[in-house]
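# What the coordinates show
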Amino acid sequence: MATNSLGTQLEGLSGLPVSRQISLMIVIAAAIATTVVVLSWMRQPAWQTLFTPQTDRESAQIVAALSRANIAYKIERGSGAIQIAAARHAEARMALAGQGIGGDSRGFEMMDEQGYGTSQALETARLQKATEGELERSINAMAGVASSRVHLAIARRTPFAKQQKMPTASVLVSALPGHRIDEVVAASIARLVAASVADLTPAKVTVLDHMGRVLTGTGVSEAMALSDSQLGFTQRIEDQLVRRVENILVPIVGFDGVRAQVSAQIDFTQVEEAAEEFDPNRKTVRSERSETRQTAAAAATGGVPGALSNSPPGTGALAGDTHGGNASNSNLVNYELDRTVRHTRRATGMVTRLSVAVLVDYLREAKGEPVPRSEEELQRIESLVREAVGFDAERGDSLSVTNIAFVQPEPAAVVEPPIWEQGWVPGVIKQVLGVVLLLAVVLVVLRPISRRLTEIPPPQATAGEMPGIPAEMVAPVSGEVPGISHVERARQLASGDPKRASQVVKDWIEQDG
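Below, the structure is looked at part by part. (Residues numbered from 1 in each chain as written. Predicted model: local features only at pLDDT ≥ 70, side-chain atom pairs only at ≥ 80, totals over all residues. Heavy atoms only, no water.)

### A look at the overall build of the chain
Cut-off, in case you're wondering: Comment: elements are numbered from the N terminus, with helices defined as DSSP H or I runs of at least four residues and strands as E runs of at least two. Only protein chains enter the calculation, and the probe is 1.4 Å; a residue is then buried if its accessible area is under 20% of its type maximum, exposed if over 50%, and partly exposed in between. Throughout, a contact is declared for two residues whenever any of their heavy atoms are within 4.5 Å. Per-residue and other accessible areas were derived by the Shrake-Rupley procedure at a 1.4 Å probe size, with only the shown protein chains allowed to occlude residues.
The helix and strand tally for the chain stands at 14 helices and eleven strands. The proportion of buried residues among the 513 residues of the chain is 20%. Pairs at least 24 residues apart make up 71% of the contacts formed inside the chain by residues separated by at least 6 positions. When the accessible surface of the chain is totalled, it reaches about 37100 Å², and 56% of it is carbon and sulfur.

Here it is, written out as structure tokens:
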């Protein structure tokens, strides 16, 4: 049966015109090619972007690593992104990370690769490279930083140099989309690098962004960093006071029944005082000195100059012949006054004023509308808040406690993602489309062609047949003598059925006409 069927199909195909045979062969080839393409498309995996390299060198490194790991890949036109099969995405990332490509920079694990024959110069270079890699990891861990490059310039120390060269460093930072590397972050990066390298100061660290702008300057960054630290200190004080208020009121009004905000004014002024005080009422004798002086008058002399006049007078003359003298008394007293020397340095970060605002929700019962809280309860709440924040009226602190009905949020409905966003949907759609295309090829193309091939063309008219005459008219009638001519047979048919004979003649005329 199969042989007869195949032979019948071949006979039917050979009976068609050559142009039609060529058309059928083209259709069959197109159907086979379409089937192969659809099956190949169905077997292709879903591609997922692995990395988008920034340079051709990085692309070459990633491609070489994927080839060594026997992972198929393709490069997207335009963006240059490297895509791999989604099922091997995690495997590819681990393979690249193991080779130090496409992930974080390599750190001190580079030191494990040293051999016994490593020179001191190579060991020093690897140590510096490992230090740079560790610093890049630390910088990349900061919020808003996408990537970074660190370059250290450390001069070789020698004992014969009079003046050693100090090390320097430069850092290139790229920010994430929607983030900005400001001077405060740059100053923090400079301090991090300086603290990680011996004898390196923040002033010797240059930080640049991906646009080439220098973010570190002289004095400006330190002032900005100081302002940022002061702002952070103020926020920590305010957050601590807010937690105190909420912790003491939550057991009373419930977890969602209180909202508090605190604004603190902090004095960061640094004041140093030196004072020296004297008390005149409190004095002590330190030293005392008394002195008395008395001077006698000289005796009168006369006569002729000579030996007699120059001789000393007698004893009686000295005792009785006096002409007066001078006497003086002096008393010096030194007093020590009470003196106080005071050096005062006031601490910074003193709270100068607090502004506290507290919102308390209405009292909500199990059923019914919320009702306001009583004045006595609000006064107790206000008293608790005063004690919690350390309220000081003399300092100018202010406190406001308001009772108001909170808007209750509606319970959030669990919104499941649409079915077309599920991860398994694209694969299923791909398989279904492939099956539909295959069915279309089979039903629309192959089935009609197979039917066409199995059809047997009608036999051609023989020499004894007349075109246009029905078979029953041509068949011999009962009692007819064999060998009668066609003319006689036509006459017999015309005389037997004139209407049908006239219709056959009309058909002949129309066909010839």
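### A look at the sheet that holds strand 5 (residues 168-175)
Just so we agree on the cut-off: If DSSP finds at least two bridges between two strands, the strands pair. Fitted lines through C-alpha atoms serve as axes, helices being fitted only where they are in contact, and the angles separating the N-to-C directions of these axes extend from 0 to 180 degrees.
Strand order in the open sheet made by the three strands is 4-5-6, with mixed pairing throughout. One side of each edge strand has no neighbouring strand; the edge strands of this open sheet are strand 4 (145-153) and strand 6 (205-209). If you compare each strand with its neighbour and ignore which way they point, the axes differ by 15° on average. Where strand 4 lies against strand 5, eight bridges are found, and the strand directions are antiparallel.

### Overview of the environment of G427
The topology assignment puts G427 in helix 11 (residues 425-454). Judged by its relative accessible area of 37%, G427 falls in the partly exposed class. Between the alpha carbons of G427 and M42 there is a distance of 8.8 Å; along the sequence they are 385 residues apart.

### Quick notes on helix 3 (residues 56-68)
Spelled out, the test is: To estimate the expected span of a helix, count its residues, drop one, and scale the result by 1.5 Å. What the arc describes is the spread of directions from the helix axis to the C-beta atoms.
The end-to-end C-alpha distance of helix 3, which contains 13 residues, comes to 18 Å, matching closely the 18 Å that a straight helix rising 1.5 Å per residue would cover. Every buried residue of helix 3 is accounted for by S59, I62, V63, A65 and L66. Relative to the axis of helix 3, the buried residues are bounded by an arc of 160° and lie together on one face. Counted as exposed and oriented over 90 degrees from the buried face of helix 3: D56, R57 and R68. Just downstream of helix 3, N70 is the residue with a positive phi angle, here 60°.

### Side note on unusual backbone geometry
With the exception of glycine, the majority of residues adopt a negative phi angle, and the majority of peptide bonds are in the trans configuration. Notably, N70 is not glycine yet its phi reads approximately 60°, a positive angle. Along the chain, the position of N70 falls in the loop between helix 3 and strand 2 (73-75). The exposure class assigned to N70 is exposed, which follows from its relative accessible area of 64%. With a phi close to 65°, D199 is a non-glycine residue in the positive phi region. Structurally, D199 can be placed in the loop between helix 6 (183-196) and strand 6. Overall, the relative accessible area of 42% leaves D199 in the partly exposed class.

### Observations regarding the environment of A64
Looking at where A64 falls in the secondary structure, it is placed in helix 3. Judged by its relative accessible area of 30%, A64 falls in the partly exposed class.

### Comments concerning the sheet that holds strand 2
Spatially, the three strands line up as an open sheet ordered 1-3-2, and their pairing is antiparallel. Strands with a single pairing partner mark the edges of an open sheet, and in this sheet they are strand 1 (47-51) and strand 2. Ignoring which end each strand starts from, the neighbouring axes of this sheet average 40° apart. Strand direction decides the pairing type here: strand 2 and strand 3 (residues 82-85), joined by three bridges, are antiparallel. If you follow Y73 over to strand 3, its bridge partner there is I84. Across the sheet, helix 3 lies against strand 1, strand 2 and strand 3, angled at about 20° from strand 3, the strand it touches most.

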